[in-house]
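Reading the structure
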Amino acid sequence: MRIDFTKNNGLIPAIIQDNETKTVLMLGYMNQEALDRTLKTQKVTFFSRSKNRLWTKGEESGNFLNLVSVKNDCDNDTLLIKANPVGPTCHTGSDTCWQEGNYSDYGFLSKLENTIQERKDNATSEKSYVASLFEKGINKIAQKVGEEAVEVVIEAKDNNDDLFLSESADLLFHYLILLQAKGFKLNDVVEVLKNREK
C-alpha cells in the first residue's frame with residue numbers, strides 16, 4: 001500500500017466505517033506512525049491535532065475501534081478504515097460523530113419496514129391494506145404469509161419468472177408485516193442468521 005504523507009504536513013484523513021453496518025463513524029487524521037501503530041496493535045490510532053500526539057481511540061473510554069481493514073484511495077492520500085466499534089464512537093456518547101445511530105440499513109427494505117411501522121401505529125385512523133391486516137390480528141396476518149408461501153412454491157414449479165417474482169415479493173411483504181405483528185424487525189432475523197454463521 002503506497003500512501004502519500006507529503007501533503008498536509010504529514011497527515012492524511014482517515015474515514016472510519018463500521019465493518020458490519022457500513023455506517024461512517026468518524027473522521028480522524030493519521031501520520032505514518034499512527035498507521036504503523038494501528039496495523040501493529042489492531043486498534044485504530046490517530047494523530048491528535050489538539051493533543052499533538054498519537055491517540056488510540058478508546059484509550060480513556062474503552063470504546064476502541066478494532067481494525068478490520070485499511071484501504072487507500074485513488075490519490076493515495078486518504079484512508080478508508082473498516083473497524084468493529086466497541087461502544088459509541090463519538091466523545092459525546094453518540095454512535096457516530098454526526099449524532100446518528102449506528103444500525104444496519106437494508107435500503108428499500110428498511111424504508112418498507114418504516115412504512116409498515118407507520119401504518120401499524122396508525123391502524124385505527126389509516127385506511128390502508130397494511131392497517132386493515134393489523135386490525136384483523138395475528139391469525140389473519142399469519143394466514144396471509146402461509147397463502148403467499150404456497151403461491152411461491154406453486155410458481156417455482158412453473159416457468160413464468162414474472163409470476164414467481166411477484167409472488168416472492170408478496171411473501172416477503174407479508175412476512176415483514178408478520179415480523180412487526182410479533183414485535184420484531186428484519187434485523188432480528190439477520191442476527192439469528194449471523195449467530196448461525198460458521
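Source: prediction; values computed, not measured.

1. Structural notes on the overall build of the protein
When you go through the protein residue by residue, the secondary structure sums to six helices and six strands. Listing the helices and strands of the protein from first to last along the sequence gives β-β-α-β-β-β-β-α-α-α-α-α. The globule rule puts the C-alpha radius of gyration for 198 residues at 16 Å, and the 23 Å found for the protein is more than 25% above it. Counting the 198 residues in the protein, one finds 35% classified as buried. With an accessible surface of roughly 12100 Å², the protein has 51% of that area assigned to carbon and sulfur atoms. If you average the places of the 25 positive and of the 30 negative side-chain charges in the protein, the two averages end up 6 Å apart.

2. Examining the domain arrangement of the protein
Taken domain by domain, the protein holds domain 1 (11-85) and domain 2 (108-197). The gap between the C-alpha centroids of domain 1 and domain 2 is 40 Å.

3. A closer look at the sheet that holds strand E5 (residues 65-72)
The strand order across the open sheet built from four strands is E2-E1-E6-E5, with neighbouring strands paired in mixed fashion. The two strands at the open ends of the sheet, each matched to only one other strand, are strand E2 (24-30) and E5. Averaged over all pairs of adjacent strands, the angle between their axes in this sheet comes to 25 degrees, without regard to strand direction. Pairing analysis gives six bridges linking strand E1 (residues 12-18) to E2, with the strands arranged antiparallel. Within E2, the position partnered with Gln17 by the bridge is Val24. Packed on one face of the sheet, helix H1 (residues 32-41) meets E2, E5 and strand E6 (79-85) and runs near 125 degrees to E5.

4. Here's the deal with the environment of Gln17
The topology assignment puts Gln17 in strand E1. A sequence separation of 78 residues divides Gln17 from Asp95, and the C-alpha atoms of the two residues are 11 Å apart. Once you skip the residues sitting within four places of it in the chain, Gln17 turns out to touch Lys22, Thr23, Val24, Leu25, Leu80, Ile81, Lys82 and Ala83. Reaching out from Gln17, the side chain makes a polar contact with the backbone oxygen of Lys22 at a distance of 3.0 Å.

5. With respect to helix H4 (residues 138-156)
The terminal C-alpha atoms of H4 lie 27 Å apart, and with 19 residues this matches the ideal 27 Å at 1.5 Å per residue to within 8%. Taken together, the buried positions of H4 are Ile141, Lys144, Val145, Glu148, Val152 and Glu155. Viewed along the axis of H4, the buried residues span an arc of 100 degrees, placing them on a single side of the element. Among the structural elements, helix H3 (129-136) and helix H5 (161-181) are those in contact with the buried residues of H4.

6. With respect to the UniProt feature "domain: Phosphoribosyl-AMP cyclohydrolase" (unreviewed entry) in the protein
Mapped onto the present numbering, the UniProt feature "domain: Phosphoribosyl-AMP cyclohydrolase" (unreviewed entry) falls on residues 26-99. In the segment residues 26-99, helix accounts for 14% and strand for 38%; the C-alpha atoms at its two ends are 10 Å apart.

7. A short note on the nonpolar core
Counting 21 residues, the largest nonpolar core has Ile16, Met30, Val44, Leu79 and Ile81 as its most contacted members. Of all the secondary structure elements, the ones that give two or more residues to this core are E1, E2, H1, strand E3 (45-48), E5 and E6. Residue contacts for Ile16: discarding those within four places in its chain leaves Thr23, Val24, Leu25, Met26, Val44, Phe46, Leu65, Ile81 and Ala83. Formed by 14 residues, the second largest nonpolar core is a distinct cluster that contains Leu112, Ala131, Ile141 and Ile177.

8. Quick word on the pattern of salt bridges
Between side chains of opposite charge, pairing is possible as soon as their charged atoms come close. A complete count under the given rule lists six salt bridges for this structure. The closest approach of N and O atoms between Glu148 and Lys144, which form a salt bridge, is 3.6 Å. Note that Glu148 and Lys144 are positioned in helix H4 at a spacing of four residues, about one turn of the helix. For the pair shown, Glu148 and Lys144 are each scored as buried. Through salt bridges with shared partners, a single ionic network connects Glu20, Glu191 and Lys194.

Reading guide: rules and limits
- Residues numbered from 1 in each chain as written.
- Predicted model: local features only at pLDDT ≥ 70, side-chain atom pairs only at ≥ 80, totals over all residues.
- Heavy atoms only, no water.
- Helix = DSSP H or I, 4+ residues; strand = E, 2+ residues; numbered from the N terminus.
- Rg over C-alpha atoms; globule rule 2.2 N^0.38 Å.
- Buried < 20%, exposed > 50% of the residue type's maximum accessible area, 1.4 Å probe, protein only.
- Areas by Shrake-Rupley, 256 points an atom, 1.4 Å probe, with all protein chains shown as cover.
- Lys, Arg positive; Asp, Glu negative; His and termini not counted.
- Charge placed at Lys NZ, Arg CZ, Asp CG, Glu CD.
- Domains from an automatic or database assignment.
- Pairing = 2+ DSSP bridges.
- Axes fitted to C-alpha atoms, helices over the stretch in contact; angles between N-to-C directions.
- Contact = heavy atoms within 4.5 Å.
- Polar contact = N/O pair within 3.5 Å; in protein donor to acceptor, adjacent residues only side chain to side chain.
- Expected span 1.5 Å × (residues − 1).
- Arc of directions from axis to C-beta.
- UniProt positions renumbered as here; feature names shortened; annotations may be inferred.
- Core = buried A, V, L, I, M, F, W, Y, C linked by side-chain atoms within 4.5 Å.
- Salt bridge = Lys/Arg side-chain N within 4 Å of Asp/Glu carboxyl O.

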